[in-house]
Amino acid sequence: MSISAFEAFLKSIKPHSLFDSNITSHDFIALDLSIHNTELEAINVSSSDDLEQFIWSYMKSNNAKIAYGGYLEKRGIYQRSNYFNQTNSDTERNIHLGLDLWIEAGTPIFAPLPGTIHSFKNNTNYGDYGPTIVLKHHIEEFEFYTLYGHLSLESIEDLEVGVEVNQGEQIATLGTAEINGDYPPHLHFQIIKDIQDFRGDYPGVSNQLDLAFYKDNCPDPNLLLKLY
Ligand SMILES: [Zn+2]
């Protein structure tokens, strides 16, 4: 498949890490939360405690500090929430559009690219993002957005739309399950070409019917992050 000019651009630029310098490339381990991972059959993925225990022990046994994955992953974990659930398999939203990075609550998050604060919001539906920040970027001829979901409440206090953010500046800390939509702590990172009319929010999970649109509008975050 040919790669678009925007995707080639994402591949060509060097981001700042989302995390501080204590975390290096050796600390990352890939995590499969798809319906194809048979290890998940033994646990109740609707329980954030059970899922957290599964992820933490997986990281521990792999000597990792961060587990990552999820772009275009078809997941069973959204079935617990009406916010995602629909009546038939074409319209049920269960295909993940961002990259998730699982690490403990309170972890500082840094801007991978220079930009401005586009918007922020606490998305409080069950299974939603909780506190979320969207940055707007204009680099070379490309204008696009990056979304940071499942943050702490403090992250969106005292924020102002339009304020400049430097590359590598701390923008947030990760939230706990109590405020992040009831998930084990993790960052949801998503690249968005056209954010439409969304503010502090954008769909992070698609159904099968809309997938072609979202796949194009939200390219693989790893083109930018280069974790794997
Ligand atoms: Zn996510």
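Description of the nonpolar core
With 35 residues, the main nonpolar core has Phe19, Leu101, Phe144, Tyr148, Leu187 and Phe189 as its most contacted residues. Secondary structure elements with two or more residues in this core: helix H1 (5-12), strand S2 (66-69), strand S4 (99-102), strand S7 (130-139), strand S8 (142-149), strand S10 (170-173), strand S11 (186-192) and helix H4 (222-225). Apart from residues no more than four positions distant in its own chain, tyrosine 148 is found in contact with Leu18, Ile109, Pro112, Pro131, Thr132, Ile133, Leu135, His137, Ile171, Leu187, His188 and Phe189. Of all hydrophobic cores here, the second largest spans 17 residues; its members include Val45, Ile55, Ala67 and Val205.

Considerations on the side chain of aspartate 128
Checked against the element boundaries, aspartate 128 lands in the loop between strand S6 (115-123) and S7. This buried residue, aspartate 128, is left without a salt bridge; lysine 121 holds the nearest opposite charge, at 6.8 Å. Filtering out sequence-adjacent residues up to four positions away, aspartate 128 remains in contact with Tyr83, Asn123, His150, Asn180, Gly181, Tyr183 and Asp201.

What about the pairing of S2?
Burial of the side chains of S2 extends over both faces: Ile66 and Tyr68 are buried on one face and Ala67 and Gly69 on the other. Across three bridges, the pairing between strand S1 (residues 28-30) and S2 is parallel. In the sheet register, phenylalanine 28 faces S2, and the bridge partner there is isoleucine 66.

Things to note about the coordination of the zinc ion
Taken together, His96 (NE2), Asp100 (OD), Asp100 (OD) and His188 (ND1) make up the full set of protein donors to the zinc ion, lying 2.1 to 2.8 Å away. Bound by four donor atoms, the zinc ion shows angles of 52 to 151° at the metal and therefore irregular coordination geometry.

Structural notes on the environment of asparagine 123
Locating asparagine 123 in the fold gives a position in strand S6. Exposure remark for asparagine 123: the relative accessible area of 3% places this residue in the buried category. Expressed as a C-alpha distance, the spacing of asparagine 123 and histidine 150, which sit 27 residues apart in the sequence, is 9.1 Å. Non-local contacts of asparagine 123, meaning those with residues more than four positions away in its chain, are made with Asp128, Tyr129, Gly130, Pro131, Thr132, Gly200 and Asp201. Within the structure, the side chain of asparagine 123 is placed 3.1 Å from the side chain of threonine 132, a separation counted as a polar contact. Only 2.8 Å separates the side chain of asparagine 123 from the backbone oxygen of glycine 200, close enough to count as a polar contact.

Things to note about the environment of lysine 136
Assignment of secondary structure puts lysine 136 in strand S7. On a C-alpha basis, the gap between lysine 136 and glutamine 208 in space is 28 Å, while along the polypeptide they are 72 residues apart. Ignoring anything within four residues of it in the chain, the contact list for lysine 136 reads Gly115, Thr116, His118, Glu143, Phe144 and Tyr145.

Comments concerning helix H2 (residues 48-61)
Taking 1.5 Å of rise per residue, 14 residues should cover 20 Å, and H2 covers 20 Å from first to last C-alpha, within 8% of that figure. Considered for burial, the residues of H2 that qualify are Ser48, Leu51, Phe54, Ile55 and Met59. Looking straight down H2, one finds that the buried residues subtend no more than 130° of arc, so they occupy a single side. In H2, the exposed positions angled more than 90 degrees off the buried face are occupied by Asp49, Gln53, Lys60 and Ser61. Of the surrounding secondary structure, the elements contacted by the buried residues of H2 are S1, S2 and S4. Positive backbone phi, at 55°, marks asparagine 63, one or two positions downstream of H2.

Examining the packing of aromatic side chains
Each aromatic ring pair is described using two quantities: the centre-to-centre distance and the angle formed by the ring planes. Counting across every chain of the model gives 12 aromatic pairs. Summarising the aromatic geometry, the rings of phenylalanine 9 and phenylalanine 144 are spaced 5.9 Å apart at their centres and angled 70° between planes, so their arrangement reads as edge-to-face. In this pair, phenylalanine 9 is assigned in helix H1 and phenylalanine 144 in strand S8, connecting sequence segments 135 residues apart. The exposure class of phenylalanine 9 is buried, given its relative accessible area of 4%. Between phenylalanine 198 and tyrosine 202, the aromatic rings sit 5.0 Å apart at their centres with planes inclined by 75°, giving edge-to-face as the arrangement. For phenylalanine 198, a relative accessible area of 29% gives the class partly exposed.

What counts and what doesn't
Along each chain, residues carry numbers from 1 onward, in the same order as the chain's sequence is written. Under the rules for a predicted model, residues below a pLDDT of 70 receive no local features and side-chain atom pairs below 80 are neither given nor counted, while totals for whole chains, interfaces and linings still include all residues. Hydrogens and water molecules were not included; the side-chain quantities draw on all heavy atoms of the structure. What we call a nonpolar core is a set of buried Ala, Val, Leu, Ile, Met, Phe, Trp, Tyr and Cys residues that are connected through their side-chain atoms within 4.5 Å. Note on exposure labels: buried denotes an accessible area under 20% of the residue type's maximum, exposed denotes more than 50%, and partly exposed covers the range between, all computed with a 1.4 Å probe on protein chains only. What counts as a helix is a DSSP run of H or I of at least four residues, what counts as a strand is a run of E of at least two, and both are numbered from the N terminus. Between two residues, a contact is recorded if the distance between any of their heavy atoms is within 4.5 Å. Two residue types count as positive, namely Lys and Arg, and two as negative, namely Asp and Glu; His and chain ends fall outside the count. Any Lys or Arg side-chain nitrogen located within 4 Å of an Asp or Glu carboxyl oxygen qualifies as a salt bridge. Any two strands with at least two DSSP bridges between them are considered paired. Donors, by definition, are the N, O and S atoms found within 2.8 Å of a metal, the threshold being 3.2 Å for Na, K and Ca, and water is not counted, so a site can look incomplete. Every angle between 85 and 135 degrees makes a four-donor site tetrahedral, while opposite donors more than 155 degrees apart, with all other angles between 65 and 115, make a four-donor site square planar and a six-donor site octahedral; other sites are irregular. Two N or O atoms count as a polar contact when they lie within 3.5 Å, although within protein this holds only if one can serve as hydrogen donor and the other as acceptor, and sequence-adjacent residues are included solely when both atoms are side-chain atoms. Multiplying one less than the number of residues by 1.5 Å gives the expected span of a helix. The arc refers to the directions leading from the helix axis to the C-beta atoms. A pair of Phe, Tyr and Trp rings is counted when the ring centres sit within 6.5 Å of each other, with Trp represented by its six-membered ring. The angle between the planes then sorts it: under 30 degrees is stacked, over 60 is edge-to-face, the rest tilted.

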